[in-house]
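This is what each chain is made of:
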Amino acid sequence: MATTSSNKLGRNIIFESTFPAQNFEKEANSPFEDGYSISKEEIYLAPYIASGADENSPLHERYVELQDRRERFSQMQHERNQRNGADAIVSNEEARSIDDLGGLVDDGVDQMTIHTLEAHRMFMGRSREPGGQSAPIIGGKRVAAALRNLWLLTVNDNPYADWALVRHEHAVNQVLTHLRAEISKAEALRQSQKQRGLSFAVLASSNPIALNLGFRSPYGYSISMLIAEYDYFVRIQKTLQRKNMQSDEEARKALSVVSRGILGIFYSTARFDRWLNQPQIRELSRLDWVSEDKDAAGRVDFAQQTFGPVPSAIYTGEIAPSHSRRRYSLTEAERELLQRVGSKLQEAEDLAASAGADALSHQTAA
């Protein structure tokens, strides 16, 4: 393409260019108004650059243009970083003010108020008495620490940590559903008495205890919510017992069922924490399933021997915990590997389910 310009003497000077206007690769999200694509141009010019970038080649001007665009793009990034990514309408001083902004902190004190001995013991647990025969009881505070450990393990992309958290959440939700249903039934019973002229107050402690929380993971607060719900459940069950709306045996059984359910969840979660934090398995990662490293294979074998095979839906991330520190920006190659392993795990699950169904069928026939 040729362009014409005039010098001071009025003579026309012809500039010959081997780089026609708009003769470059483009992309939709280009930082340049004309759509110039640095990455596509790099691919296009790669053979030319690899051969030595001959200045006499027709591609040389495209190469010069690529270098210029790289510099301009680098300058764009620098200017944006200097302004902390602020909109162009924002002044430089305002844009830089973000550097002085502090992080979010707990300005106040988080507390949980407990009225019942049962809820207090459920939260605090019980240690083994020196020389005594009574077994220790795990408490919510210890389980909150176990949950934090499991939550921290998710940063390694540990599928068993994900599985432990998902199991815990599911089990707790089941208990909460039961608690809320029982509380609703008790409230309805109280309301029916009120319609007959009897107004019964829910029992409350003469000196409730306010416990400071300060958990360092979201799961600690989930434990406090469970304990608070359990505390109110105990209060309302004892209210029904005290006000002659249910028998001592009925109240004892209702409390026993829920207490055993919560403790079962606590011990299961603590077991995952205890084994997953063993030195020989602590670095377990999803990539261990496809690694040829001997230590990686050992970690996978240890986990499977201890807990059984991880569910395929957990491994692939189809089912995930509510809170995780896992890295989700995976490459296509990594995603393909995970899907491949997930498919093999699914096949094993289907095979086991089929074998179980056949065994049950034979037992029924016998």
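Note that the coordinates shown come from a computational prediction; the quantities given were computed from them, not determined experimentally.

Conventions adopted
Each chain has its residues counted from 1, following the order in which its sequence is written. This being a predicted model, a pLDDT of at least 70 is required before a residue's local features are given, and a value of 80 or more before pairs of side-chain atoms are given or counted; all residues contribute to the totals for chains, interfaces and linings. Derived side-chain values reflect all non-hydrogen atoms in the structure, with water molecules and hydrogen atoms excluded from consideration. Numbered from the N terminus, helices here are DSSP runs of H or I no shorter than four residues, and strands are runs of E no shorter than two. The cut-offs for exposure are 20% and 50% of the maximum accessible area for each residue type, with area from a 1.4 Å probe on protein chains only; residues under the lower value are buried, those over the upper are exposed, and the others partly exposed. Throughout, a contact is declared for two residues whenever any of their heavy atoms are within 4.5 Å. To be clear on the numbers: accessible area is Shrake-Rupley with a 1.4 Å probe, and residue cover counts the displayed protein chains and nothing else. An axis is simply a line fitted to the C-alpha atoms; with a helix, the fit covers only the stretch in contact. Between two such axes, the angle follows the N-to-C directions and lies from 0 to 180 degrees. Note that the term roughly parallel is reserved for angles under 35 degrees, roughly antiparallel for angles over 145, roughly perpendicular for angles of 65 to 115, and oblique for everything else. Each residue gets one of three labels, nonpolar for Ala, Val, Leu, Ile, Met, Phe, Trp, Tyr, Cys and Pro, charged for Asp, Glu, Lys and Arg, and polar for the others, Gly among them. A 1.4 Å probe that fits but cannot get out identifies a cavity on a 1 Å grid over protein atoms alone, an open set with protein on both sides within 12 Å along at least five of seven lines counts as a pocket, and a residue lines either if it has an atom within 4 Å of a point. Grid points are joined across faces, edges and corners, and a volume is the space filled by probe spheres set on the points. By definition here, a salt bridge exists when the distance from a side-chain nitrogen of Lys or Arg to a carboxyl oxygen of Asp or Glu is within 4 Å. Here a helix's expected span is defined as the number of its residues, less one, multiplied by 1.5 Å.

## A word on the overall build of the protein chain
When helices and strands are counted, the protein chain shows 11 helices and four strands. Counting the 366 residues in the protein chain, one finds 34% classified as buried. Counting only contacts in the protein chain whose residues sit at least 6 apart along the sequence, the fraction spanning at least 24 positions is 64%. Summing over all exposed atoms, the protein chain offers an accessible surface of approximately 23,100 Å²; the carbon and sulfur share of this is 50%.

## Structural notes on the packing of helix α6 (residues 159-195) against helix α8 (residues 248-276)
Remark: α6 packs on α8, axes separated minimally by 10 Å, with the N-to-C direction vectors making an angle of 170 degrees. Regarding the angle of α6 to α8, the classification is roughly antiparallel. Along its contact with α6, which presents Tyr-160, Ala-161, Trp-163, Ala-164, Arg-167, His-168, Ala-171, Val-172, Val-175, His-178 and Leu-179, the element α8 presents Val-258, Ile-262, Ile-265, Ser-268, Thr-269, Phe-272 and Leu-276. Grouping the constituent residues of the contact of α6 with α8 by class yields 13 nonpolar, four polar and one charged.

## Re the layout of surface pockets
In this structure, the largest pocket encloses a volume near 210 Å³. Lining of the largest pocket is provided by His-168, Glu-169, Val-172, Asn-173, Leu-176, Pro-218, Tyr-219, Ser-222, Met-225, Ser-322 and His-323. Sorting the residues of the lining of the largest pocket by element identifies α6 and α7 (218-242) as the ones contributing at least two each. Ranked by the residues each element gives to the lining of the largest pocket, the list is headed by α6, at five residues. For the lining of the largest pocket, the residue count by class is five nonpolar, five polar and one charged.

## With respect to the pattern of salt bridges
Applying the stated rule across the entire model yields 14 salt bridges. A salt bridge links Glu-41 to Arg-62; the shortest N-O distance between them is 2.5 Å. With Glu-41 in helix α1 (residues 38-50) and Arg-62 in helix α2 (residues 60-82), the pair connects residues that are 21 residues apart, well separated along the chain. Here Glu-41 falls in the buried class, since its relative accessible area comes to 0%. Residue class for Arg-62 comes out buried when judged on its relative accessible area of 6%. For the salt bridge of Arg-69 with Glu-65, the shortest nitrogen-to-oxygen distance reads 2.7 Å. One end of the pair, Arg-69, and the other, Glu-65, are both in helix α2, four residues apart, so they sit about a helical turn from each other. In this structure, Arg-69 and Glu-65 share a single accessibility class: buried.

## Considering the side chain of Ser-224
Structurally, Ser-224 is set in helix α7. Looking at Ser-224, the relative accessible area reads 7%, which means it is buried.

## Quick look at α7
Between its first and last C-alpha atoms α7 spans 37 Å; for 25 residues at 1.5 Å apiece the expected length is 36 Å, and the two agree. Where α7 ends, the next residue or the one after it, Asn-244, has phi of about 65 degrees, a positive value.

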